[in-house]
Amino acid sequence: GESVGLHLPTLSVQEGDNSIINCAYSNSASDYFIWYKQESGKGPQFIIDIRSNMDKRQGQRVTVLLNKTVKHLSLQIAATQPGDSAVYFCAENISPGGANNLFFGTGTRLTVIP
Amino acid sequence: EPEVTQTPSHQVTQMGQEVILRCVPISNHLYFYWYRQILGQKVEFLVSFYNNEISEKSEIFDDQFSVERPDGSNFTLKIRSTKLEDSAMYFCASSERVQDQPQHFGDGTRLSIL
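Remember, predicted model here, so these are calculated numbers, not experimental data. (Residues numbered from 1 in each chain as written. Chains lettered and ligands numbered in written order. Predicted model: local features only at pLDDT ≥ 70, side-chain atom pairs only at ≥ 80, totals over all residues. Heavy atoms only, no water.)

A.B. asks: What exactly am I supposed to notice about the nonpolar core here?
C.D. replies: The nonpolar side chains of a soluble globular protein tend to be buried with one another. Among the nonpolar cores identified, the biggest contains 21 residues, and Trp34, Val67, Phe75, Leu77 and Tyr90 of chain B are the most heavily contacted of them. Secondary-structure elements contributing two or more residues to this core are strand E3 (19–24), strand E4 (31–37), strand E5 (43–50), strand E7 (65–68), strand E8 (75–79), strand E9 (88–95) and strand E11 (109–113) of chain B. Residues in contact with Val67 of chain B, not counting those within four places in the same chain, are Trp34, Val47, Phe49, Ile54, Phe61, Phe75, Thr76 and Leu77 of chain B. Ranked by size, the runner-up nonpolar core spans 19 residues in total, among them Phe33, Ile77, Ala86 and Leu110 of chain A. (Core = buried A, V, L, I, M, F, W, Y, C linked by side-chain atoms within 4.5 Å. Buried < 20%, exposed > 50% of the residue type's maximum accessible area, 1.4 Å probe, protein only. Helix = DSSP H or I, 4+ residues; strand = E, 2+ residues; numbered from the N terminus. Contact = heavy atoms within 4.5 Å.)

A.B. asks: Quick question: what am I supposed to make of the sheet that holds strand E7 (residues 72–77) of chain A here?
C.D. replies: The strands that make up a sheet are held in pairs by hydrogen bonds between backbone atoms, and each pair lies either parallel or antiparallel. All names here are of chain A. With respect to topology, four strands assemble into an open sheet ordered E2-E7-E6-E5, the strand pairing being antiparallel. Strands with a single pairing partner mark the edges of an open sheet, and in this sheet they are strand E2 (19–24) and strand E5 (56–58). In this sheet, neighbouring strand axes are inclined to one another by 15° on average, regardless of whether the strands run parallel or antiparallel. Pairing geometry for E2 and E7, over six bridges, is antiparallel. Paired with Ala24 across the strands is His72, a residue of E7. (Pairing = 2+ DSSP bridges. Axes fitted to C-alpha atoms, helices over the stretch in contact; angles between N-to-C directions.)

Put into structure tokens, the structure is as follows:
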């Protein structure tokens, strides 16, 4: 039979433009968040993380913003390249103070148009 | 750059059989994890492991599942009496510490139950 899967939100951007991927997280007690990139046939690849005592963190071409008031996380990718095409997941630590078990969001498929 | 390696990349098994999925975590990491991703769905936490014992496990990780670190390098997931619904990608991850440290994932084992 046909399997039921998630309808991934999708984002298409022109090469060279900036991308913003959004994520709403569920647990107000979560204190650590990670963005992962997943290419087809591969495992989640770490991009950037942020702790709850910060509201912004920058990496190479990427910036993560955290708004704890509305439980929202975003990933900004500057000068998006074709190699950035992938599914992007936010993940939250659902066991603050305990084991670092991650709860993954639905994911957003980013397509970069050359 | 050190990485998590998983074998086999694809495992096909008859329903009711036992399978063992293997992982070699990053060498200086102390915390190990298994996740699964059913086709088209979210990545789901199964179990975390530290100091030769399970730290936490999800509802998915029932008596059918077990984990083991048989030597200083391997970390295995055993699934007994496999069912059709066990078909999924299984990802191993490791982290250096438990708190506020990103988990690094392998590329997964695709398990197909016939």
